[in-house]
Amino acid sequence: MASFNLKNFDAAMKHMYPYKKVENLCYKNNPLLAMIPKETKFPGRNATFAVEYGMTTGRSATFQTAQNNRGGTKLSDFVVTRVKDYAVVSVDNETLLAADGSEGSLLDVAKSKTDSALAALSRTMGRDIYRSGGGSIGEIHASPSLADTTIELKAGHAINFEVGYRIKASATDGGSLRPGVLEVTGVDRDADTITVNVAGTTGIPALAADDHFHIEGDAADGGTNLKMSGLDAWIPSAITTDPFFGVNRAQDATRLGGQRQAWATSTQATIINAAVKTAREGGRPDAFFCNPSDWAELALDLEGKALLAGSDSSRRRYGAKDSAATFGFASLQLASPAGMISIYADHNCPINVGYLLQLDTWALKTLGQAPRILDFDGLKGVRESNADGVEYRWGYYGNLICKAPGFNCRVALAA
């Protein structure tokens, strides 16, 4: 029987979690996260890139007029900073020593806890890529009563909660936190409710309808965002003059802040209208992402109508035409002025909103692979200073960037 030490346990972890397997574990149930282009170089303090929102004014059928009116191209520089996210797993020494020392037994010891940590991190990354960066994971539907330990959330929000979460609250996503913290003791995803350890208005005084919940440690709390600036940040529901990565997007709301499409007569019509808008701007969107409930409504609407590109009639309505071919996400196909659009169901996308994207304008830009085991000292595991165990740290450093917001559209999927 081999003796246990960190070296052979590290070897076991390396064998069990090579990067490709980590990628598969984290991306396989997160369509947008899997398909978004990846850039693994993010040197320096930030990533600065320019978006052109206005052509030169020096053009005319009259030379002198063109010369007199000449001016520079209108550019705005987005200065995107990195955010961080972590998942930490601890394996106690007694359990490790009880293993027989072989690589197989050590892998068995590590697997359940490490897989759980990776699942938590991938779930968070998959959700964050759709969100604003303020840290919200759900909103309260109705104000809880003074003694109520069950809190009703808005439709579809309960899927973002787990038993054991410690949660804080704020009136707005990213706004100042209310005092107090709650622990989630139960989740009913069908009823969209959570149960907490103490009455909501006792644990967090003044909880009210439309308040946002945040996992402890994630909230911006009225300051800088700690989470990824996802689609809701790059293509918000409304554009303001507030700077976004240093840019006043009100200068040109569509080219700097994306398109917005209101609900039309049906989901199909709404998506087509969104495609018209993006095509008008010169975009060629190729993918649409929405919640499974919205996808199902569209599937019923398109039944017997939609065909995949190509002549094979057996490939009607459904296919697996995604850029991450190893995952094979099923898609509906819809013709648009910009070409065929693949429509994907993603459980991370909020209900009643969808995103029509030109994927090659986006990138998840990170320092190295994301997620990765944080082993900069050469050892994947570190001995815990205040506990009898070994700690393994997973995480990433990076953010989402969009190099042409105007080629993408936020789509309302309800009136």
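Residues numbered from 1 in each chain as written. Predicted model: local features only at pLDDT ≥ 70, side-chain atom pairs only at ≥ 80, totals over all residues. Heavy atoms only, no water.

**Focus: helix α11 (residues 292–302)**
Buried within α11 we find Asp-294, Trp-295, Leu-298, Ala-299 and Leu-302. Projected onto a plane normal to the axis of α11, the buried residues spread over an arc of 140° and lie on a single side. (Buried < 20%, exposed > 50% of the residue type's maximum accessible area, 1.4 Å probe, protein only. Helix = DSSP H or I, 4+ residues; strand = E, 2+ residues; numbered from the N terminus. Arc of directions from axis to C-beta.)

**Describing the nonpolar core**
Within the largest apolar cluster, 51 residues are counted, with the highest numbers of intra-cluster contacts made by Leu-32, Phe-78, Trp-234, Phe-289, Leu-357 and Trp-362. In terms of residue count, the dominant contributor to this core is strand β20 (residues 389–402) (seven residues). With sequence-adjacent residues up to four places away left out, Leu-357 is seen in contact with Leu-32, Leu-231, Ile-235, Pro-285, Asp-286, Ala-287, Phe-289, Trp-362 and Asn-408. (Core = buried A, V, L, I, M, F, W, Y, C linked by side-chain atoms within 4.5 Å. Contact = heavy atoms within 4.5 Å.)

**Some details on the packing of aromatic side chains**
Enumeration according to the criterion identifies 11 aromatic pairs in this entry. Measuring from centroid to centroid gives 5.9 Å for Trp-234 and Phe-245, while their planes differ by 40°, and the two rings are tilted. You can see Trp-234 sitting in helix α8 (residues 231–234) and its partner Phe-245 sitting in the loop between α8 and α9 (253–257), a full 11 residues away along the chain. Comparing Trp-234 with Phe-245, the two get one shared label, buried. We classify Phe-245 as buried; its relative accessible area is 16%. (Phe/Tyr/Trp six-rings, centres within 6.5 Å; stacked < 30°, edge-to-face > 60°.)

**As for the pairing of strand β21 (residues 409–412)**
Bridge count between strand β11 (residues 259–261) and β21: three bridges; the pairing is parallel. From the neighbouring strand, Arg-260 faces β21, where its bridge partner is Arg-410. Pairing of strand β16 (residues 353–357) with β21 involves four bridges; the strand directions are antiparallel. In the sheet register, Gly-354 faces β21, and the bridge partner there is Val-411. (Pairing = 2+ DSSP bridges.)

**Looking at the confidence of the model for the protein chain**
Averaged over all residues, the pLDDT of the protein chain is 83; the fraction at 70 or higher stands at 79%. Low pLDDT, under 50, characterises residues 307–326; the stretch is placed with 43 contacts to residues that sit more than four places away or in other chains. (pLDDT = per-residue confidence, 0-100.)

**Digging into the sheet that holds strand β7 (residues 166–170)**
Sheet architecture is open: six strands sit in the order β5-β10-β7-β8-β9-β6, paired in antiparallel fashion. Since the sheet does not close on itself, it has two edges, and those belong to β5 (136–139) and β6 (150–152), each with one partner. Each neighbouring strand pair of the sheet contributes to a mean axis angle of 45°, computed without reference to strand direction. Across three bridges, β6 lies against strand β9 (residues 193–196) in antiparallel orientation. (Axes fitted to C-alpha atoms, helices over the stretch in contact; angles between N-to-C directions.)

**A short note on helix α10 (residues 267–280)**
The end-to-end C-alpha separation of α10 is 20 Å, in line with the 20 Å expected for 14 residues at 1.5 Å each. Downstream of α10 by a residue or two, Gly-282 has a phi angle that is positive, lying close to 100°. (Expected span 1.5 Å × (residues − 1).)

**Notes on unusual backbone geometry**
In the segment running from Ala-370 into Pro-371, the intervening peptide bond is cis, with an omega of -5°. You can see Pro-371 is positioned in the loop between β17 (362–366) and β18 (372–373). Despite not being glycine, Asp-221 has its phi angle at roughly 55°, a positive value. In this structure, Asp-221 sits in the loop between β10 (212–215) and α8. One non-glycine residue, Phe-245, lies in the positive phi region at around 50°.

**Thoughts on the pattern of salt bridges**
Summed over the entire model, instances satisfying the criterion amount to 12 salt bridges. Taking the shortest distance from any N to any O, the salt bridge between Lys-365 and Glu-39 comes out at 3.1 Å. Here the residue Lys-365 occupies a position in strand β17, and Glu-39 occupies one in strand β1 (residues 38–39), the gap between them amounting to 326 residues. Given a relative accessible area of 14%, Lys-365 falls into the buried group. The shortest N-O distance in the salt bridge between Glu-216 and Arg-166 comes to 2.8 Å. You can see Glu-216 sitting in the loop between β10 and α8 and its partner Arg-166 sitting in strand β7, a full 50 residues away along the chain. Accessibility expressed as a relative area gives 39% for Glu-216, which makes it partly exposed. (Salt bridge = Lys/Arg side-chain N within 4 Å of Asp/Glu carboxyl O.)

**Thoughts on the packing of α10 against α11**
In the contact formed by α10 and α11, the axes pass within 9 Å of each other and the chain directions differ by 100°. By the angle between their directions, the pair α10 and α11 is classed as roughly perpendicular. Facing α10, whose interface residues are Thr-267, Gln-268 and Ile-271, α11 presents Glu-297, Leu-298, Asp-301 and Leu-302. (Parallel < 35°, antiparallel > 145°, perpendicular 65-115°, else oblique.)

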